[in-house]
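Examination of the molecular architecture
The lines below spell out each chain.
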Amino acid sequence: MPLDSPDFLFRRTRELFVQSKWVVLARAVFALVLIFSTLFFSDTDLSGQGAQSFLSLYKISGTILGLSMVYYVWLCQKKCLYALAYTQIIIDTFIVTAIVFVTGGYHSIFTFLYLLVIIYAAMLLLARGSFLVALASSIQYGLLIELEYLKIIAPLPENQPLSLVVDQHHILYRIVIIISACFATAALSGILSMQLRTAKKDLKIAQEHLKRVEKMAAVDEIVSGIAHEIKNPLASLSGSIQMLREDMAPTGENDKLMQIVLRETERLKQIVTDIRLIAKPGRTNAELINLAKAIDDVKILFDNTPDWHGRINIDTQLERDLHVFMDAVHLQQILWNLIKNAAESIEEKGKITISLYSPRHKRIYLTVRDTGIGIDQKNAPHIFDPFYTTKSDGTGLGLSIIHRIVDTYDGMIDFESIPGKGTVFTLIFQNPHFKE
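Residues numbered from 1 in each chain as written. Predicted model: local features only at pLDDT ≥ 70, side-chain atom pairs only at ≥ 80, totals over all residues. Heavy atoms only, no water.

Attention shifts here to the environment of A187. Tracing the chain through its elements places A187 in helix α6 (residues 168-248). Residues A187 and A127, 60 residues apart in the sequence, show an inter-C-alpha distance of 6.8 Å. (Helix = DSSP H or I, 4+ residues; strand = E, 2+ residues; numbered from the N terminus.)

Following this line, the structure appears as structure tokens:
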């Protein structure tokens, strides 16, 4: 599961606020429509209902308008929005039951309103909210019809008792159909809401990824050219120092100085290699790789590294038999750098969780979550920039390389972080086995 970063929580709160505002507005409009339509039918006497039923509808409409005003005031405070959402949907189920009751009970044409409440509950609270409303609606409707059948209540005084005009089997059939429709609507709307939210998140990741790609593309050719020009003189320098060291056989301080030169030369060589990798990773050696097995191999390597052994625990939640078309060296570099960065962000003991799943089979999601210090908000926009680092001994190329490799294989990368609590990196790959 992705980490609920401040960014994510802010977006989710804003989304819930906007959706709740539209629901409150739609409810108020419905109340006005109900008032005017009731007024029209009561004047023309087309409904066949008594004056008491119309009066009840006016009262219900007024109640809806009053509640809409209360909800709006609550909404403007921007506090406890989830409580507001649950309050609205539960009260609305009772309002719909009241409307069904005063418009004929078993014979009412307004039972479809239960489905509308279920749909907007899914929009606000996903599957959990929609199934809660489906359950509440089913119980209320079933109880209403049962009480009407038992002559305990009579929706319309001029109607004959339900038990005298409708067969018991038909009543049971109606209840079963309404309950089935409620839960079917809850299931479908819940699924659609989840898919819509996932699609929005994927779209955001894609937009952020493309912005970074465009930003990095502007310097790719320059960086590649500089790396090429540095590589040859650097090799000459390293070779010359090694020859001098062999010929002169220095001792003491001179030997230490030459060792420093050679060590730093090798470090520069690695930086040049990394720079060239950012510019042109290449897909020449790409092959089909089992992701779960690759993760297991890197985990074994990490567990046997003395720096982190016994201090950091890696937990894996892997969906097996997922593959990606990639160079094995590139994949190992991605996994190792992500795990290494996660480990370095954990100051004492901590945990790294690696998840691998493919919810819709078209895309593969790989997440690496840590319990480290997190990423400061001022640093967050720059973590993929080449040479940007907050580490005293870092080069600032690790995440840039990961980003470039992932993009080379038509993947995407994103992250979310809570300073002081941890970070999660999410990689999205195309599933090579998926067929449109």
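Once you've had a look at it, read on.
This part covers the pattern of salt bridges. This structure, assessed with the given rule, holds six salt bridges. A salt bridge links K293 to D297, with the shortest nitrogen-to-oxygen separation between them at 3.4 Å. Note that K293 and D297 are positioned in helix α8 (residues 291-303) at a spacing of four residues, about one turn of the helix. Judged by relative accessible area, K293 falls into the exposed class, the value being 52%. (Salt bridge = Lys/Arg side-chain N within 4 Å of Asp/Glu carboxyl O. Buried < 20%, exposed > 50% of the residue type's maximum accessible area, 1.4 Å probe, protein only.)

Inside soluble globular proteins, nonpolar side chains tend to come together where they are buried. Counting 44 residues, the largest nonpolar core has I352, I354, L356 and F425 as its most contacted members. Counting residues per element, this core draws most heavily on helix α9 (residues 328-344), at seven residues. If we skip the residues at most four places from it in the chain, I352 touches F302, I312, N313, I314, D315, I339, A342, A343, I346, V368, R369 and D370. Listed in part, the 42 residues of the second largest apolar core include A85, I95, L113 and I145. (Core = buried A, V, L, I, M, F, W, Y, C linked by side-chain atoms within 4.5 Å. Contact = heavy atoms within 4.5 Å.)

Running from N to C, helix α3 (residues 81-102) and helix α4 (residues 112-149) cross one another at 35 degrees; their axes reach a closest spacing of 9 Å. When the axes of α3 and α4 are compared, the crossing they make is right-handed. (Axes fitted to C-alpha atoms, helices over the stretch in contact; angles between N-to-C directions. Left-handed = near helix turned anticlockwise from the far one by under 90°.)

A few words on the side chain of S138. As for its placement among the helices and strands, S138 is situated in helix α4. There is a polar contact of 2.7 Å between the side chain of S138 and the backbone oxygen of A134. What S138 contacts, discounting residues up to four positions off in sequence, is I179, C182 and F183. (Polar contact = N/O pair within 3.5 Å; in protein donor to acceptor, adjacent residues only side chain to side chain.)

Here the focus is the confidence of the model for the protein. Where the model shows low pLDDT, its predicted coordinates should not be examined in detail. In this model, the protein carries an average pLDDT of 80, and 80% of its residues clear a pLDDT of 70 or more. Predicted confidence is poor over residues 1-7, with pLDDT under 50, and the contacts of this stretch with residues over four places away or in other chains come to 20 contacts. Throughout residues 44-49 the model reports pLDDT below 50, and contacts reaching past four residues in sequence, or to other chains, amount to nine contacts. (pLDDT = per-residue confidence, 0-100.)

Strands pair in a sheet through their backbones, by hydrogen bonds, and they do so in one of two ways: parallel or antiparallel. Pairing is mixed in the open sheet, where five strands are placed in the order β2-β4-β5-β7-β6. The sheet is open, and its two edges are formed by β2 (312-318) and β6 (412-418), each paired on a single side. Each strand of the sheet is rotated relative to its neighbour by a mean of 15 degrees, with strand direction disregarded. Strand direction decides the pairing type here: β6 and strand β7 (residues 422-430), joined by seven bridges, are antiparallel. Residue pairing across strands places S417 opposite T423, the latter belonging to β7. Lying over the sheet, helix α10 (residues 398-408) contacts β6 and β7, oriented at roughly 140 degrees with respect to β6. (Pairing = 2+ DSSP bridges.)

Scanning the model with the defined rule gives eight aromatic pairs in all. Consider the rings of Y357 and Y365, whose centres lie 5.5 Å apart with planes at 5 degrees: the pair is stacked. Residue Y357 is classed as partly exposed on the basis of its relative accessible area of 25%. When the ring centre of F17 is taken as origin, the NZ or CZ atom of K78, which lies over that ring, is 5.0 Å away. The ring of Y106 is capped by R174, whose NZ or CZ atom sits 4.2 Å from the centre of that ring. (Phe/Tyr/Trp six-rings, centres within 6.5 Å; stacked < 30°, edge-to-face > 60°. Lys NZ or Arg CZ within 6 Å of the ring centre and 35° of its normal.)

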